[in-house]
Amino acid sequence: MKKYNLLDRNKVILVTGAAGFIGFHISKQLLEKGVKIIGYDNINEYYDVRLKYARLDILNQYEDFTFIKGDLADKDKVNDLFETYRPEIVVNLAAQAGVRYSIENPQAYMDSNIIGFFNILEACRHYTVEHLVYASSSSVYGANKTIPFSTDDKVDSPVSLYAATKKSNELMAYCYSKLYSIPSTGLRFFTVYGPYGRPDMAYFSFTDRIMSGKSIKIFNNGDMHRDFTYIDDIVEGIERLLCNPPKKDENGVQHKVYNIGNNKPEKLMDFIQTLENCLGIVAEKEYYPMQPGDVYQTYADVTDLMDDFDFKPDTSIEEGLRNFVKWYKKVYTKSIQRGDVKNG
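Computed from a predicted structure; not experimentally measured. (Residues numbered from 1 in each chain as written. Predicted model: local features only at pLDDT ≥ 70, side-chain atom pairs only at ≥ 80, totals over all residues. Heavy atoms only, no water.)

*Asks:* What am I meant to see in the sheet that holds strand β11 (residues 255-260) here?
*Replies:* Two orientations exist for strands paired in a sheet by backbone hydrogen bonds: parallel and antiparallel. Taken together, seven strands build an open sheet; the order of strands is β3-β2-β1-β4-β5-β6-β11 and the sheet is parallel. The open sheet terminates on both sides in strands that have one partner only, identified here as β3 (65-69) and β11. If you compare each strand with its neighbour and ignore which way they point, the axes differ by 20 degrees on average. (Pairing = 2+ DSSP bridges. Helix = DSSP H or I, 4+ residues; strand = E, 2+ residues; numbered from the N terminus. Axes fitted to C-alpha atoms, helices over the stretch in contact; angles between N-to-C directions.)

*Asks:* I would appreciate a short explanation of the pattern of salt bridges in the present structure.
*Replies:* For side chains of opposite charge, pairing can occur when their charged atoms come near one another. For the coordinates displayed, the defined rule picks out 14 salt bridges. Salt-bridge contacts for R188 lead to E170; the nearest nitrogen and oxygen are separated by 2.7 Å. Of the two residues, R188 sits in strand β6 (residues 184-189) while E170 sits in helix α6 (residues 161-180), which places them 18 residues apart along the sequence. Judged by relative accessible area, E170 falls into the buried class, the value being 4%. (Salt bridge = Lys/Arg side-chain N within 4 Å of Asp/Glu carboxyl O. Buried < 20%, exposed > 50% of the residue type's maximum accessible area, 1.4 Å probe, protein only.)

*Asks:* Quick question: what am I supposed to make of the environment of I231 here?
*Replies:* You can see I231 is positioned in helix α8 (residues 231-242). I231 sits in the buried class, given a relative accessible area of 0%. Between the alpha carbons of I231 and V325 there is a distance of 14 Å; along the sequence they are 94 residues apart. Not counting residues within four places of it along the chain, the set of residues in contact with I231 comprises F21, I22, H25, V192, Y193, G194 and P195. (Contact = heavy atoms within 4.5 Å.)

*Asks:* When you look at unusual backbone geometry in this model, what are you seeing that I'm missing?
*Replies:* Across the junction of I147 and P148, the peptide omega takes the value -5 degrees, indicating a cis bond. With respect to the helices, strands and loops of the structure, P148 is situated in the loop between β5 (131-137) and α6. Even without being glycine, I43 reaches a positive phi, approximately 45 degrees. As for its placement among the helices and strands, I43 is situated in the loop between β2 (36-41) and α2 (49-59). One non-glycine residue, D310, adopts positive backbone phi at about 50 degrees. Checked against the element boundaries, D310 lands in the loop between α10 (303-309) and α11 (317-336).

*Asks:* Honestly, the nonpolar core in this entry has me stumped. Any pointers?
*Replies:* Note on soluble globular proteins: their nonpolar side chains tend to be buried together. Counting residues in each nonpolar core, the largest one holds 76 residues, and the members touching the most others are I13, I22, F189, L242 and W327. In terms of residue count, the dominant contributor to this core is α11 (eight residues). Setting aside chain neighbours within four positions, we find I22 in contact with L93, F189, V192, I231, I234 and I238. (Core = buried A, V, L, I, M, F, W, Y, C linked by side-chain atoms within 4.5 Å.)

*Asks:* What is the right way to read the packing of aromatic side chains from this model?
*Replies:* Each aromatic ring pair is specified by the distance between its two centres and by the angle formed by the two planes. Summed over all chains, the structure comprises 29 aromatic pairs. Pairing F228 with F271 gives two aromatic rings, centres 3.7 Å apart and planes at 10 degrees, and the pair type is stacked. Linking F228 in the loop between β9 (225-226) and β10 (229-230) with F271 in helix α9 (residues 268-279), this pair joins segments that are 43 residues apart in sequence. The class for F228 is buried, based on a relative accessible area of 6%. Considering the side-chain rings of W327 and Y332, the 5.5 Å spacing of their centres and the 35 degrees angle between planes classify their relative orientation as tilted. Linked through ring pairs, F24, Y193, Y196, Y203, F204, F228, Y230, F271, F324, W327, Y328 and Y332 together constitute an aromatic cluster. For the cation-ring pair, K52 lies above Y47, with the distance from its terminal atom to the ring centre recorded as 4.5 Å. (Phe/Tyr/Trp six-rings, centres within 6.5 Å; stacked < 30°, edge-to-face > 60°. Lys NZ or Arg CZ within 6 Å of the ring centre and 35° of its normal.)

So this is what it looks like as structure tokens:
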């Protein structure tokens, strides 16, 4: 096992997308450890903003949390953010998410994922940061046939614009690392799920529909595999990376990409059955062909993560979905859906 630096609680950390699913959870964990967090989010309406405000209500209870509402595409606002707070570590999780939505609304992806990320890179260039950690995605692997997916694999055939923007982010970050000596790490997340998750994700929308007595849509007739990764494992992986900028590669560039996935693909129908068991309800199912932009399977090779940080995600879908359903029933349906949250 290689030695790595533990979290330095004295660092000022900027988390973009702080009102989002992963951004909320990493911010909360770091705040609980006494880290000063600057949160930045545009609170867009891609999904129910009540959920975003519910996350912010929790973060705002910590005195070390400062929130600024703004868009990454607003270069002046991003520069002001860096000028005012001088973050030492940047965790860029703000992005327009969703594979299918990228087919319907490509402009949103260019604004947030390309222009927005460019503005973050420029700010990191002009206001020296110790480490930029940014979200990539397992979608960059496209329809790769070789499994498990390795960061050494060629990823030049995206099947959605979302995937193309994430691959572009990796190339942009590498370039800025080389030209301007910005240490950066990209994280390819694999199908993240859990409490306070995104309502557009399958497990969340399935739960909504099952609880409402509605049928669920299952694509490719259920013949799909996903490397479902529980949110707590994602957060643990991010935290271990924060104070460990990558070593220089053979070209002298401080840039590295890691997979963060469960390293255990599940059959979609097994996942649905586990969700049904947790809910105590059998879903009515409708079967459809594969959707444009979808892939047959995802499967993360996490060898580098284990070698460098002695860590691999390992939460079972039984435990993860049980936690999600408990939150859904106790918190989501009883307060968030009813709108019992403040607007910031």
